Amino acid sequence: MTNLNVVVCAGIVPDPLQTLDPVQTGEKPGLRNEMMLPHVLDPWAGHALYEAAELVKETGGKLYVVSIGPKAKLQQVMMTIAQKVPFQLIAADAAAGGFSDSKQIAVQLAELVKQIDGLDLSNTLLFGGWESASRGAGTTLQMVGEILGVTDQFQGVDKISLNDDGSFKVLERIEGGKHLHSSCSGAPAVLGWATGYLPEPPNNPQIGMTNMRTIMPALQQAKPADLENPELTFTAVELPKQKRDTKIVKDISADEIAQEIIDWIKSK
Amino acid sequence: MSNNERQSMKVDIVCVGFGPATAGFLSEISKNLTYDDGSVKLSSRAMPGMPLQIICYERSDDIGFGVSGVVSKAHSIRQSYPDLNGSEIPLTIDVKKEKLVYLLDPHGASSRSAGLKITDKILKLGKWLPWYKKEALELPVIPSFLQKHDGLIFSMGQFSQWAASRILGSGMVQLWPGMPVDKALFFENKMIGVQMVDQGTDKKGEPADGYMPGMQIEADLTVLGDGPVGNISRQLDEKFGLPDDHQQKDWAVGMKMVIELPAHTNLKAGTVFHTFGYPEPEIFGFLYVHPENIVSVGIFVPSWYENPVRTAYRYLQQYIKHPYFRDDIKGGKLKSWGAKSIQESGKRGEPHLAGNGWARIGEGSASTNILTNSGVDEAWETGVLLAQAVEKLAAANQPFTQENLEKTYVNMRRKSHIEEEAEQARHSRDGFHRGFIRGLIGMGLTGLSKGKLNVKTEPKSTHQILKQPEDYFKGRISKERIAELKQQAFSKGLALNDLLMQELGWPEIEYDGQLFMSHQDALLVGGKVQAPNGYRDHVVFLHPHLCKECDNKICIEMCSGQAITPGEDGVPNFDNDRCIHCGACMWNCVKPVESKVDKINIDFQAGAGGLHSAEN
């Protein structure tokens, strides 16, 4: 299929390598000193972006990145990704810190997608992260698709294979480390990506130079987006955590260590 | 085009490294590339019809990952941004109070001379004096050359983010972090640009999966703002040498922690402490109180220090446990941590500032004032001066030749206050090569006489100064015991310093997991230290046989991230996932291989990764 476009809905998040600390900011939860922390493209959205770049290389279509966040942070994130793959940015300026209502974000993202000049949605795949590295209910992308009337949706995607007639096959993650194999007759469709199989592309100064000529004007023109939802109340928030439980032992056998790990896993 | 072909790209100006100097350069020049109506003021040769095409490459993964304990008068920064409001930049506050404090040794474990021990005893007799507090003497007067009143306390990371945001917001300049620059490119004697580091290689630099040769960026002018350990600057020094009689022998590693203070602290935001005397007499320290109960606290371990215990981390832990600070910090939480090398040769270490197609700014151009211990504002100003020179030359359609850059940029620097103050400071550190007391006297004389009176001496390199543990600790630890400790350290794959300090009576650090933790755990705080895959190792031991012969291996002792560890065959191991790119290994090798520019047996190249904190 030729000229198939891909729109990647890409969130930005505080660098997950930082110590993230939830705090109450006014009436809603937030992250301590979030604006001080360096931000990155949400790693899940990153996988979607790199897969999308490979796909449009194949189809000759165009790659769009749609993102909502504080302008200064979007600018910072663009410095780290714009050398990797060519894309056009469509951005909205919002204080998207802390924990936002995924529906409000989905509404705004869908609006941005609708505003893309000349985009034929029937010839477009909508990509994004299946989950978020630091926050997110895992529902935003699904709602963006619903608002735009795109009902073919796949989540936890690791691979897409295009056929000449525009149909495609998708591998979706399911339990037990296996994949669900699905076929779809063609665009439009929503694909929420897991990790995929592609490595992060190297930095290419030529791509960066070209991208920045359109990214900076896009950021300068970014309109404010209202993400407030006065009806929403948060009862609790939690960040994804990597828990480390270190124990120093001497003189015990590999079998005993293995048994202890099995017991620990069973207890969880 | 295959990924294996080296590509090239043409711009007008390429900048190497983004620190305060490059920020000053880009801030100034980005204001003057076009007229108010958007028409081109300074035309591009690389892209006719467009304004000058300027691009900057920074090695670290983000422009906010720099390290410095910053208290600055910020004169030049304020000239660039007259509307500068400190409250716009997180962790920034006006200096409200300054203290200069001599810290005594409460444990008797430091290596103090007999004279200093007597001085300490006399000071302790004056416990009733109002200036004596908690094993420390607050000096009633701070010499004017050390004062920072009307200045700002800020975080290098947050300031860099703020400056970069303004620069990028102009839309006139491109700034790319995560892009180490590998080589200076020359055609005959003219620098024609730079080559980026190859990506997709194994640790030895051989092509591997996803190999992409580093692109060549051709430019009429290369601006070197790559700091004191920048590899492009060093390549130029190797090619052109240093000016006659100039030498870069004085260094220090500055290590800092950013700590969230406990609620009960008495430390007030805007207070600046300068300290000396502890943990070792030669180790100077600082503590700056930011807003919101945050402090930056750090120490400087100098190259002129004969002591083979060169662990900045353990000494910094001892420092924050000193009774003078202890109660105000106890119960605090480590938020971030980092280290960097500082070039402390000042004017006498100044390299060539400009050549055909290149100019050097910032700390790597010897802008740091070694008397006043200030470098950020000075670095910024050198960037501004170069920008003004470039504007003049570009407007007159003059090429960036050595002659033209010397007539403009170098000439402007020579007439600047940076030059005047650097000249005054030229010999301010000399005395420390003759001992701590003489060093202090020399610094005081230089400062108070504005450089007319000095304690002069010829500085020496680390390998000429450093003593073997057996010699330095003679009378305190026996040779046999040192041999045992060396064996213990080797068998555990660790540096010797912790064991030596324990033997000398330094109290053990009890880890609480909040403020006090192992060196390796600190690498995980405030943004984990890490290196991306696909790059070669950037620390290379040039001649393994020299490492095998070396029984000192101070590179291991001094390594700020414990990235260099003992190796089985006598050649140290290097783990780039722990390296914070402080460059201390570059001046702590005791095996010189070439005398011309004090080249030693470690090649410290440009590499990716490192610290991931924007709070330092």
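1. With respect to the overall build of chain B
Here is step 1: Secondary structure summary: chain B contains 19 helices and 29 strands in total.
Here is step 2: Expected size for 616 residues packed as a compact globule is a radius of gyration near 25 Å; at 24 Å, chain B falls within 12% of this value.
Here is step 3: Seen through its C-alpha atoms, chain B measures out along the principal axes to roughly 75 × 55 × 45 Å.
Here is step 4: Burial analysis of chain B (616 residues in total) assigns 63% to the buried set.
Here is step 5: Look at the contacts in chain B between residues 6 or more apart in sequence, and 75% of them connect residues 24 or more apart.

2. A look at the overall build of chain A
Here is step 1: For chain A, the helix and strand inventory stands at 6 helices and 13 strands.
Here is step 2: Computed over its C-alpha atoms, the radius of gyration of chain A comes to 20 Å, within 12% of the 18 Å expected for a compact globule of 268 residues.
Here is step 3: By principal-axis analysis of the C-alpha atoms, chain A measures approximately 65 × 50 × 40 Å.
Here is step 4: Sequence separation of at least 24 residues holds for 76% of the intrachain contacts in chain A that already meet a minimum separation of 6.

3. Observations concerning helix α6 (residues 312-320) of chain B
Here is step 1: Of all 9 residues that make up α6 of chain B, 9 are buried, and the element is covered over most of its length.
Here is step 2: If you check which residues of α6 of chain B are buried, you get Ala312, Tyr313, Arg314, Tyr315, Leu316, Gln317, Gln318, Tyr319 and Ile320 of chain B.

4. A few points about the interface of chain B and chain A
Here is step 1: Facing the 48 residues of chain B at the interface are 31 residues of chain A.
Here is step 2: For the pairing of chain B and chain A, the buried interface totals around 2,900 Å² over both sides, and the portion due to carbon and sulfur atoms is 57%.
Here is step 3: Among the residues of chain B in contact with chain A, Leu168, Gln174 and Trp176 of chain B are the three that bury the most area, contributing 19% of the side total.
Here is step 4: Our enumeration of links across chain B and chain A arrives at 9 residue pairs in polar contact (both at pLDDT 80 or more).
Here is step 5: Every element with two or more residues in the side of chain B that touches chain A is listed here: β1 (8-10), β3 (54-57), α4 (156-169), β10 (173-176) and β14 (207-212) of chain B.
Here is step 6: With 6 residues, the top contributor of residues to the side of chain B that touches chain A is α4 of chain B.

5. Overview of the pattern of salt bridges
Residues and elements named next belong to chain B.
Here is step 1: Following the criterion strictly, the structure yields 34 salt bridges over all chains and no others.
Here is step 2: Arginine 326 serves as the salt-bridge partner of aspartate 327, at 3.9 Å between the closest nitrogen and oxygen.
Here is step 3: Taking the relative accessible area as the measure of exposure, arginine 326 reaches 38% and is therefore partly exposed.
Here is step 4: A salt bridge links glutamate 419 to lysine 347, with the shortest nitrogen-to-oxygen separation between them at 2.7 Å. Placement of glutamate 419 in helix α10 (residues 417-425) and of lysine 347 in the loop between β21 (333-343) and β22 (354-355) is noted, with a sequence separation of 72 residues between them. Each member of the pair, glutamate 419 as well as lysine 347, is classed as buried.
Here is step 5: Counted as one network, the salt bridges with shared partners bring together Lys347, Glu350, Arg414 and Glu419.

6. Thoughts on the packing of helix α3 (residues 102-114) of chain A against helix α4 (residues 140-147) of chain A
All names here are of chain A.
Here is step 1: Remark: α3 packs on α4, axes separated minimally by 8 Å, with the N-to-C direction vectors making an angle of 45°. When the axes of α3 and α4 are compared, the pair comes out oblique. For the pair α3 and α4, the crossing hand works out as right-handed. Contacts from Ser102, Lys103, Ile105, Ala106, Val107, Leu109 and Ala110 of α3 reach α4 at Thr140, Met143, Val144 and Ile147.
Here is step 2: Partitioning the contact of α3 with α4 into residue classes produces 8 nonpolar, 2 polar and 1 charged.

7. What about the confidence of the model for chain A?
Here is step 1: With 93% of its residues at a pLDDT of at least 70, chain A reaches an overall mean of 88.
Here is step 2: Mean pLDDT across the elements of chain A ranges from a minimum in strand β3 (residues 22-25) of chain A, with 75, to a maximum in strand β1 (residues 5-9) of chain A, with 97.

8. A word on the domain arrangement of chain B
Here is step 1: In terms of domains, chain B is made up of domain 1 (10-82 + 157-199 + 212-247 + 348-424), domain 2 (87-155 + 249-343), domain 3 (427-459) and domain 4 (474-604).
Here is step 2: Between domain 3 of chain B and domain 4 of chain B, the C-alpha centre-to-centre distance is 31 Å.

9. Some remarks on the packing of aromatic side chains
Residue and element names in this part refer to chain B.
Here is step 1: Following the criterion strictly, the structure yields 26 aromatic pairs over all chains and no others.
Here is step 2: For the pair phenylalanine 186 and phenylalanine 240, a centre-to-centre distance of 5.9 Å together with 65° between the ring planes defines the contact as edge-to-face. Here phenylalanine 186, found in strand β11 (residues 181-187), pairs with phenylalanine 240, found in helix α5 (residues 231-240); they are 54 residues apart in sequence, far enough to count as distant.
Here is step 3: Take phenylalanine 240: its relative accessible area is 30%, and that puts it in the partly exposed class.
Here is step 4: With centroids separated by 4.5 Å and ring planes inclined at 20°, the aromatic side chains of tryptophan 304 and phenylalanine 432 adopt a geometry described as stacked. In this pair, tryptophan 304 is assigned in the loop between β20 (294-302) and α6 and phenylalanine 432 in the loop between α10 and α11 (436-448), connecting sequence segments 128 residues apart. Side by side, tryptophan 304 and phenylalanine 432 carry an identical accessibility label, which is buried.
Here is step 5: Ring pairing ties together the aromatic residues Tyr102, Phe276, Phe284, Trp304, Phe432 and Phe436, which thus form one cluster.

10. Regarding the side chain of threonine 446 of chain B
All names here are of chain B.
Here is step 1: By secondary structure assignment, the location of threonine 446 is in helix α11.
Here is step 2: For threonine 446, a relative accessible area of 0% puts it in the buried group.
Here is step 3: Threonine 446 has contacts with Gln424, Ala425, His427, Ser428, Gly451, Leu453 and Asn454, leaving out every residue within four places of it along the chain.

11. So, the sheet that holds strand β12 (residues 190-196) of chain B
Here is step 1: The 4 strands lie next to each other as β1-β15-β12-β11 (chain B), forming an open sheet whose pairing is mixed. The strands lining the two open edges of the sheet, one partner per strand, are β1 and β11 of chain B. Each neighbouring strand pair of the sheet contributes to a mean axis angle of 25°, computed without reference to strand direction.
Here is step 2: The pairing of β11 of chain B with β12 of chain B spans 6 bridges and is antiparallel. Across the sheet, the residue bridging to leucine 185 of chain B is glycine 193 of chain B, located in β12 of chain B.
Here is step 3: Against the sheet, helix α5 (residues 205-220) of chain A engages β1, β12 and β15 (216-218) of chain B, with an angle of about 35° to β1 of chain B.
Here is step 4: Across the sheet, α5 of chain B touches β11 and β12 of chain B, and the angle it forms with β11 of chain B is around 40°.

12. Observations regarding the environment of valine 70 of chain B
Residues and elements named next belong to chain B.
Here is step 1: Looking at where valine 70 falls in the secondary structure, it is placed in strand β4 (residues 69-72).
Here is step 2: Given a relative accessible area of 2%, valine 70 falls into the buried group.
Here is step 3: Separated by 264 residues in sequence, valine 70 and leucine 334 have C-alpha atoms that sit 18 Å apart.
Here is step 4: Valine 70 has contacts with Leu152, Ile153, Phe154, Met156, Tyr288 and Val376, leaving out every residue within four places of it along the chain.

Definitions and cut-offs
- Residues numbered from 1 in each chain as written.
- Chains lettered and ligands numbered in written order.
- Predicted model: local features only at pLDDT ≥ 70, side-chain atom pairs only at ≥ 80, totals over all residues.
- Heavy atoms only, no water.
- Helix = DSSP H or I, 4+ residues; strand = E, 2+ residues; numbered from the N terminus.
- Rg over C-alpha atoms; globule rule 2.2 N^0.38 Å.
- Buried < 20%, exposed > 50% of the residue type's maximum accessible area, 1.4 Å probe, protein only.
- Contact = heavy atoms within 4.5 Å.
- Buried area = accessible area lost by both parts, 1.4 Å probe.
- Polar contact = N/O pair within 3.5 Å; in protein donor to acceptor, adjacent residues only side chain to side chain.
- Salt bridge = Lys/Arg side-chain N within 4 Å of Asp/Glu carboxyl O.
- Axes fitted to C-alpha atoms, helices over the stretch in contact; angles between N-to-C directions.
- Parallel < 35°, antiparallel > 145°, perpendicular 65-115°, else oblique.
- Left-handed = near helix turned anticlockwise from the far one by under 90°.
- Nonpolar A, V, L, I, M, F, W, Y, C, P; charged D, E, K, R; others polar.
- pLDDT = per-residue confidence, 0-100.
- Domains from an automatic or database assignment.
- Phe/Tyr/Trp six-rings, centres within 6.5 Å; stacked < 30°, edge-to-face > 60°.
- Pairing = 2+ DSSP bridges.

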